[in-house]
Amino acid sequence: MKNLIFSGIQPTGSLHLGNYLGAIKQWTKLQHEHESIFCIVDYHAITVAYDPKKLPGRISDVALDLLACGIDPSKSTLFVQSQVPEHTELGWIFNTLTPIAELERMTQYKDKSKQHKENINAGLFTYPVLQAADVLLYKANLIPVGEDQVQHVELMRVIAKKFNKTFGKLFPEPKPLLTEQARVMSLADPAKKMSKSLGEKHYIALADSDEVIKKKVRSAVTATSHGDTSPGVENLFAILEALGGEALVKELKAQHKKGSLQYSELKDVVANTIISHLSPIRERRAELEKERERVGEILIEGAKTAQKIARDTMEEVRKKIGVR
Ligand code: AMP
Ligand code: TRP
């Protein structure tokens, strides 16, 4: 079977190092090896409170970030979810196949409904159903994501199986593709995953200046009251390793074992390595920023390509479920 890659990202502001190491870095590689489709999932983003005036800017910001990271529109398809309405149509059909009990198990739903107590809406609950539609609309089988999304990919398999069993075989059962660094932790609270919602000092944005990166890494939590086995130090080592400093990690770990490693020294190495990776991305982004209209055109082209596939799948789906 031919592999088809699909992944999505929410337009919730600029990207951070967790998004980059957990997902996007591998997207840029995969696009050269397989047919690939990447989607900015605006209909997922509206399941939590947001400012409609800011959303268009956020969508083009994420697109700019992705292009700056190396997503190449001549190699892969990049588009915005709401521009291909077949996603929500298939999502509705999948809603009728998804057991509520499966959705109640979803960790992301449980976390988000704790975070947004005032707005626990049905869309937040069926979020993973729309996500299954995103992927299965293209009959994609490999889904490069961070670890937090594995449970959602498992649900896609449940939904695909149920559809195939009920109406006849149509969909593949997708599998997650994880990077080695599928869970980057927060700098300020290494027990939690790096995320924008925790606040500025917890994450490194791809757009952060060299100075800000240095400052954030320097104030990263390292030692804990538990002594040696500090998740903060592990996280710094993991970031370094993911950015290609394997030999360096070995050497620094050996020093750490002997007790001769200064955390300030480790932090300097980590900060400099991050800077050397992110500054070219930041420069490319500044260049792309000058031609924002071009970004809009890329997204429209992408939506056209995606919609061709989506239309064909929906024709098959409508026939199979008996509405045609
Ligand atoms: P989101 O920003 O939630 O749409 O996430 C986009 C992608 O980045 C998904 O594949 C996530 O799994 C991944 N991701 C988000 N945060 C992290 C993190 N701290 N570590 C690794 N991957 C992450
Ligand atoms: N839920 C994913 C996240 O929060 C984003 C997403 C939406 C996605 N649709 C997808 C990821 C389809 C992979 C495939 O990161």
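What counts, and at which threshold
- Residues numbered from 1 in each chain as written.
- Chains lettered and ligands numbered in written order.
- Predicted model: local features only at pLDDT ≥ 70, side-chain atom pairs only at ≥ 80, totals over all residues.
- Heavy atoms only, no water.
- Helix = DSSP H or I, 4+ residues; strand = E, 2+ residues; numbered from the N terminus.
- Rg over C-alpha atoms; globule rule 2.2 N^0.38 Å.
- Buried < 20%, exposed > 50% of the residue type's maximum accessible area, 1.4 Å probe, protein only.
- Areas by Shrake-Rupley, 256 points an atom, 1.4 Å probe, with all protein chains shown as cover.
- Lys, Arg positive; Asp, Glu negative; His and termini not counted.
- Charge placed at Lys NZ, Arg CZ, Asp CG, Glu CD.
- Near = heavy atom within 4 Å.
- Polar contact = N/O pair within 3.5 Å; in protein donor to acceptor, adjacent residues only side chain to side chain.
- Nonpolar A, V, L, I, M, F, W, Y, C, P; charged D, E, K, R; others polar.
- Expected span 1.5 Å × (residues − 1).

### So, the overall build of the protein
Right, so step 1: Check the secondary structure of the protein and you find 14 helices and 5 strands.
Right, so step 2: Computed over its C-alpha atoms, the radius of gyration of the protein comes to 21 Å, within 12% of the 20 Å expected for a compact globule of 324 residues.
Right, so step 3: With the C-alpha coordinates of the protein rotated into their principal frame, the extents come out at 70 × 45 × 45 Å.
Right, so step 4: For the protein, the proportion of its 324 residues judged to be buried stands at 50%.
Right, so step 5: Total accessible area on the protein is roughly 15800 Å²; 52% of this is exposed by carbon and sulfur atoms.
Right, so step 6: Charged side chains in the protein number 46 positive and 41 negative. The centres of these two groups are separated by 4 Å.

### Remarks on the site of ligand 1
Right, so step 1: Close to ligand 1 lie 16 residues, the nearest being Gly 146, Asp 148, Ala 182, Val 184 and Met 194.
Right, so step 2: The backbone of Gly 146 places a nitrogen or oxygen atom 2.8 Å from an oxygen atom of ligand 1.
Right, so step 3: Contacts to ligand 1 include Val 184, whose backbone N or O atom sits 2.8 Å from a nitrogen atom.
Right, so step 4: Considered on its own, ligand 1 offers 490 Å² of accessible surface; in the complex 91% of this is hidden by protein.
Right, so step 5: Of the residues forming the shell around ligand 1, the biggest block, 4 residues, is contributed by helix H1 (residues 17-30).
Right, so step 6: Residues of the shell around ligand 1, tallied by class, amount to 6 nonpolar, 7 polar and 3 charged.

### Focus: the site of ligand 2
Right, so step 1: Gln 10, Tyr 127, Gln 131, Asp 134 and Gln 149 are the nearest of the 13 residues found near ligand 2.
Right, so step 2: At a separation of 2.7 Å, a nitrogen atom of ligand 2 approaches a polar side-chain atom of Asp 134.
Right, so step 3: Within the shell around ligand 2, the residues separate by chemical class into 6 nonpolar, 6 polar and 1 charged.

### Focus on helix H9 (residues 150-167)
Right, so step 1: In this model, H9 (18 residues) spans 26 Å end to end at C-alpha, consistent with the 26 Å of a helix rising 1.5 Å per residue.
Right, so step 2: For H9, the complete set of buried residues consists of Val 150, Gln 151, His 152, Val 153, Leu 155, Met 156, Ile 159, Ala 160, Phe 163 and Asn 164.
Right, so step 3: Residue Gly 168 follows H9 closely and has a positive phi angle near 105°.

### Considering helix H8 (residues 127-136)
Right, so step 1: Of all 10 residues that make up H8, 10 are buried, and the element is covered over most of its length.
Right, so step 2: Those residues of H8 lying buried are Tyr 127, Pro 128, Val 129, Leu 130, Gln 131, Ala 132, Ala 133, Asp 134, Val 135 and Leu 136.

Note that every value here comes from positions in space, so none of it alone points to a role or purpose.
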